[in-house]
Amino acid sequence: MSGFAPTAPELVATVIFAIAVVHTFSTKFFAHLAHLQPRHAGLWHLLAEVEVVFGFWAFILIAALFVLSGQEAAVGYLDGRSFTGPMFVFVIMVIAASRPILNTVIAVVGMLASAIPIHRAVAMYFLILAFVPLLGSFVTEPAAMTLAALMLRENFFQYQLSKRLKYGTLGLLFVNVSIGGTLTHFAAPPVLMVAGKWGWDTLFMFSHFGWKAATAVIFNALVLTWFFRKELAERGHAHGESGSSAVPPVVSGIHILFLVGVVVFAHHPAVFMGLFLFFIGYTEA
């Protein structure tokens with residue numbers, strides 16, 4: 001049996017991938033360089049960002065393929081990759097993080113918190129970890145994660161909370177968001193991978209997985225809230241809205257329409273990127 005002989009581009013790609021992995025675990029070193037060399041601090045800070053690492057080395061990979069295999073092969077490889085998922089996550093997170101969307105969710109959560117007969121900050125905390133992750137089944141998990149993170153920052157994390165509470169909150173948020181998108185068949189990426197091929201609709205998802213996931217999300221949030229109830233009541237806050245002034249309902253409604261439009265056309269980048277450009281223009285105007 002003859003052995004497999006890797007080509008030069010394959011060897012170079014493997015080396016670049018290995019360097020990218022090492023770089024991922026070396027970002028603290030580049031952050032340290034930024035302090036040692038203030039003249040080039042901007043460059044070192046850029047290389048110290050974990051989110052930048054694989055994008056940076058992907059650029060190096062394409063440049064290497066261009067040199068080794070030519071323009072046609074490099075561009076053909078790039079065109080053969082699907083960027084719909086990353087583009088969608090970027091767009092949905094930007095829209096979800098806008099102040100009108102955030103204020104709307106905060107207002108809804110605040111109204112629900114007022115109906116729970118316990119300390120308002122404790123009720124707010126519970127709903128952020130229970131209700132908001134379940135929104136991932138409708139506005140997608142990245143949007144739910146963005147909203148929950150911003151609300152936690154506004155109401156809790158900017159105050160003097162214990163590290164146990166902070167780490168517990170982050171861990172539970174990751175878990176609840178990851179399972180909170182299973183109530184429907186169109187929002188969570190893992191569900192999307194199989195729902196179409198296996199003929200799963202929202203009714204199937206909710207009856208087989210959704211109600212179980214919702215039960216787990218609520219139970220998880222209840223346990224953590226009960227465990228830290230005293231600290232949350234003492235140090236947590238429950239703001240009515242984010243920002244110094246209220247957003248007109250019409251503006252919030254238009255932002256929500258943009259969000260819904262992007263979710264509906266999640267598999268069509270030409271459509272949701274067009275909506276995103278209009279969204280940017282509208283917010284600027």
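Residues numbered from 1 in each chain as written. Predicted model: local features only at pLDDT ≥ 70, side-chain atom pairs only at ≥ 80, totals over all residues. Heavy atoms only, no water.

Undergrad: Tell me about the confidence of the model for the protein chain, and please be specific about residues and values.
TA: On average, residues of the protein chain score 88 in pLDDT, and 96% of them reach the 70 mark or higher. Across the protein chain, helix H16 (residues 269-284) holds the top mean pLDDT of 95, while helix H12 (residues 189-198) sits lowest at 78. (pLDDT = per-residue confidence, 0-100. Helix = DSSP H or I, 4+ residues; strand = E, 2+ residues; numbered from the N terminus.)

Undergrad: Explain the nonpolar core to me, using residue names and the numbers behind them.
TA: Residues Met124, Tyr125, Leu129, Met151 and Phe156 are the most contacted members of the largest nonpolar core, which totals 48 residues. Elements represented by at least two residues in this core include exactly helix H6 (84-96), helix H7 (99-114), helix H8 (120-134), helix H10 (141-157), helix H11 (163-180), helix H13 (202-227), helix H15 (249-264) and H16. Element by element, the count of residues in this core is highest for H8, at 11 residues. Every residue in contact with Phe156, bar those within four places of it in the chain, is listed here: Ala121, Met124, Tyr125, Ile128, Leu161, Leu232, Gly236 and His237. Counting eight residues, the second largest nonpolar core, distinct from the first, contains Ala20, Trp57, Leu61 and Ala64. (Core = buried A, V, L, I, M, F, W, Y, C linked by side-chain atoms within 4.5 Å. Buried < 20%, exposed > 50% of the residue type's maximum accessible area, 1.4 Å probe, protein only. Contact = heavy atoms within 4.5 Å.)

Undergrad: Could you give an account of the packing of H8 against H11, with specific residues and numbers?
TA: The relative placement of two packed helices comes down to the angle between their axes together with the axis-to-axis distance. At a closest axis distance of 8 Å, the pairing of H8 and H11 adopts a crossing angle of 25°. Taken together, H8 and H11 sit at an angle that is classed as roughly parallel. H8 and H11 meet at a crossing whose hand is right-handed. Here H8 contributes Tyr125, Leu129, Pro133 and Leu134 to the contact with H11, which in turn contributes Leu165, Thr169, Leu172, Leu173, Asn176, Val177 and Gly180. (Axes fitted to C-alpha atoms, helices over the stretch in contact; angles between N-to-C directions. Parallel < 35°, antiparallel > 145°, perpendicular 65-115°, else oblique. Left-handed = near helix turned anticlockwise from the far one by under 90°.)

Undergrad: Explain the side chain of Ser252 to me, using residue names and the numbers behind them.
TA: On the secondary structure map, Ser252 appears in helix H15. For Ser252, the residues in contact, after removing those within four places along its chain, are Pro100, Thr104 and Val247.

Undergrad: I'd love a proper account of the packing of aromatic side chains, names of residues and values included.
TA: Enumeration over the complete set of coordinates arrives at 15 aromatic pairs. A ring pair is formed by Phe90 and Phe276, whose centres lie 5.7 Å apart and whose planes are at 80°; its orientation type is edge-to-face. Of this pair, Phe90 sits in helix H6 while Phe276 is found in helix H16, placing the two residues 186 residues apart along the sequence. For Phe90, a relative accessible area of 48% puts it in the partly exposed group. By relative accessible area, which is 6% here, Phe276 ends up buried. The ring centre of Tyr77 lies 4.5 Å from the NZ or CZ of Arg81, which sits over that ring. Over the ring of Trp226 we find Arg229, and its NZ or CZ is 3.7 Å from the ring centre. (Phe/Tyr/Trp six-rings, centres within 6.5 Å; stacked < 30°, edge-to-face > 60°. Lys NZ or Arg CZ within 6 Å of the ring centre and 35° of its normal.)

Undergrad: Lay out H6 in plain terms, naming residues and giving numbers.
TA: Compared with an ideal rise of 1.5 Å per residue, which puts 13 residues at 18 Å, H6 spans 18 Å between its outermost C-alpha atoms and is within 8% of the ideal. Residues of H6 that are buried: Phe88, Val91, Ile92, Ile95 and Ala96. All buried residues of H6 project into a common sector of 125° when viewed along the axis, lining one side. Buried-residue contacts for H6 involve H7, helix H9 (136-139), H10, H15 and H16. (Expected span 1.5 Å × (residues − 1). Arc of directions from axis to C-beta.)

Undergrad: Outline a nonpolar patch on the surface, supporting the account with residue identities and numerical values.
TA: Residues Ile256, Val260, Val264, Phe265 and Val271 make up a contiguous nonpolar surface patch of about 380 Å² in total accessible area. Judged by relative accessible area, which is 32%, Val271 ranks as partly exposed. (Patch = residues over 30% accessible without salt bridge, like charges linked within 9 Å, V, L, I, M, F, W, Y side chains within 5 Å. Areas by Shrake-Rupley, 256 points an atom, 1.4 Å probe, with all protein chains shown as cover. Salt bridge = Lys/Arg side-chain N within 4 Å of Asp/Glu carboxyl O.)

Undergrad: Run through the packing of H11 against H13, naming residues and quoting values.
TA: In the contact formed by H11 and H13, the axes pass within 9 Å of each other and the chain directions differ by 170°. By the criterion of interaxial angle, the relationship of H11 to H13 is roughly antiparallel. Only Ala213, Ala216, Val217, Asn220, Ala221, Leu224 and Phe227 of H13 make contact with H11, whose side of the interface consists of Arg164, Gly168, Thr169, Leu172, Val175, Asn176, Ile179 and Gly180. Partitioned by chemical class, the residues of the contact of H11 with H13 number nine nonpolar, five polar and one charged. (Nonpolar A, V, L, I, M, F, W, Y, C, P; charged D, E, K, R; others polar.)

Undergrad: An account of unusual backbone geometry is requested, with residue identities and associated values reported.
TA: At Thr140, a position not held by glycine, the phi torsion is positive, near 80°. In this structure, Thr140 sits in the loop between H9 and H10. For Thr140, a relative accessible area of 1% gives the class buried.

Undergrad: Before we move on, could you go through H13 and cite the residues and values that matter?
TA: Where H13 bends most, at Phe209, the angle is about 50°. Residues of H13 that are buried in the fold lie against H8, H11, H12 and helix H14 (229-235). (Bend = angle between axes of the 7 residues up to and from the residue.)

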